[in-house]
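A structural walkthrough
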Amino acid sequence: VLMIKIIIAIIILVLSLVVSVHEITKHSKINRFKVIGKILATASIASFPFSALCSDLDEGKTLFINSCSGCHNGGGNLFNSKKTLFKNDLMKNDYFDNQKLIQIITNGKGQMPAYGEFVSPKGNVIPAKFSISQLESLSSYVLEMSAKDWPAENKAKNNCDEYPGC
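Calculation rules
- Residues numbered from 1 in each chain as written.
- Predicted model: local features only at pLDDT ≥ 70, side-chain atom pairs only at ≥ 80, totals over all residues.
- Heavy atoms only, no water.
- Phe/Tyr/Trp six-rings, centres within 6.5 Å; stacked < 30°, edge-to-face > 60°.
- Helix = DSSP H or I, 4+ residues; strand = E, 2+ residues; numbered from the N terminus.
- Buried < 20%, exposed > 50% of the residue type's maximum accessible area, 1.4 Å probe, protein only.
- Lys NZ or Arg CZ within 6 Å of the ring centre and 35° of its normal.
- Core = buried A, V, L, I, M, F, W, Y, C linked by side-chain atoms within 4.5 Å.
- Contact = heavy atoms within 4.5 Å.
- Polar contact = N/O pair within 3.5 Å; in protein donor to acceptor, adjacent residues only side chain to side chain.

Time to look at the packing of aromatic side chains. Counting across every chain of the model gives 4 aromatic pairs. For the ring pair Phe64 and Trp150, a centre distance of 5.1 Å and an interplane angle of 35° mean the geometry is tilted. One end of the pair, Phe64, is in helix 3 (residues 48-67); the other, Trp150, is in the loop between helix 7 (132-147) and helix 8 (159-162), and 86 residues separate them in sequence. Judged by its relative accessible area of 0%, Trp150 falls in the buried class. Residues Tyr115 and Phe130 carry aromatic rings whose centres are separated by 5.2 Å and whose planes lie at 15° to one another, so their mutual orientation is stacked. Taken together, the residues Tyr115 in the loop between helix 6 (98-107) and strand 1 (118-119) and Phe130 in the loop between strand 2 (125-126) and helix 7 connect sequence positions 15 residues apart. Just as Tyr115 is buried, Phe130 falls in that class too. The ring of Tyr115 carries Lys129 above its face, with NZ or CZ at 5.5 Å from the centroid.

In this structure, Phe64, Leu138 and Val142 are the most contacted members of the largest nonpolar core, which totals 20 residues. Breaking this core down by element, the ones donating at least two residues are helix 3, helix 6 and helix 7. Considering every element that reaches this core, the biggest residue donor is helix 7, with 6 residues. Those residues in contact with Phe64 that lie beyond four places of it in its chain are Ser69, His72, Leu85, Leu138, Tyr141, Val142 and Trp150.

Turning to the side chain of Ser146, a few remarks are in order. Its place among the elements puts Ser146 in helix 7. Ser146 sits in the buried class, given a relative accessible area of 2%. Of note is the side chain of Ser146, whose polar atom sits 2.9 Å from the backbone oxygen of Leu143. When sequence neighbours within four positions are dropped, the list of residues in contact with Ser146 reads Leu85, Phe86, Lys87, Leu90 and Phe96.

Spelled out as structure tokens, the structure:
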């Protein structure tokens, strides 16, 4: 989803530049301010997918802080040091993929609770804690941070000091 947004933004920017260059070469006495205005307007529209990408990562960070950081602070794993959210472990355990991360977040595994809809042992349907959009944002955030080796600004000194719900 994020890659598609980036590709769309790049295509829109390239097309706007091609159209603008065509207008300049087509008319020898065209108003250059008009062309510059069109380029700026198109560039601002094209930047929308990038702002959406940033907001997806912001939402993912908020969801991670509120729901995951208690066990996965800074990409670690409180219960199993071999199943962290660092890129090497995600790749080794075959979870360095949006859909696979969404699946494990939704269904849970081992000591990790399920965040998707599930049926309790008594037969009650427990509603999902995250929407599909939120799952995608959370998964994208985890993959982005793992690719950056969980930079220090995303690590809390003490979970209980920085993160709620500790």
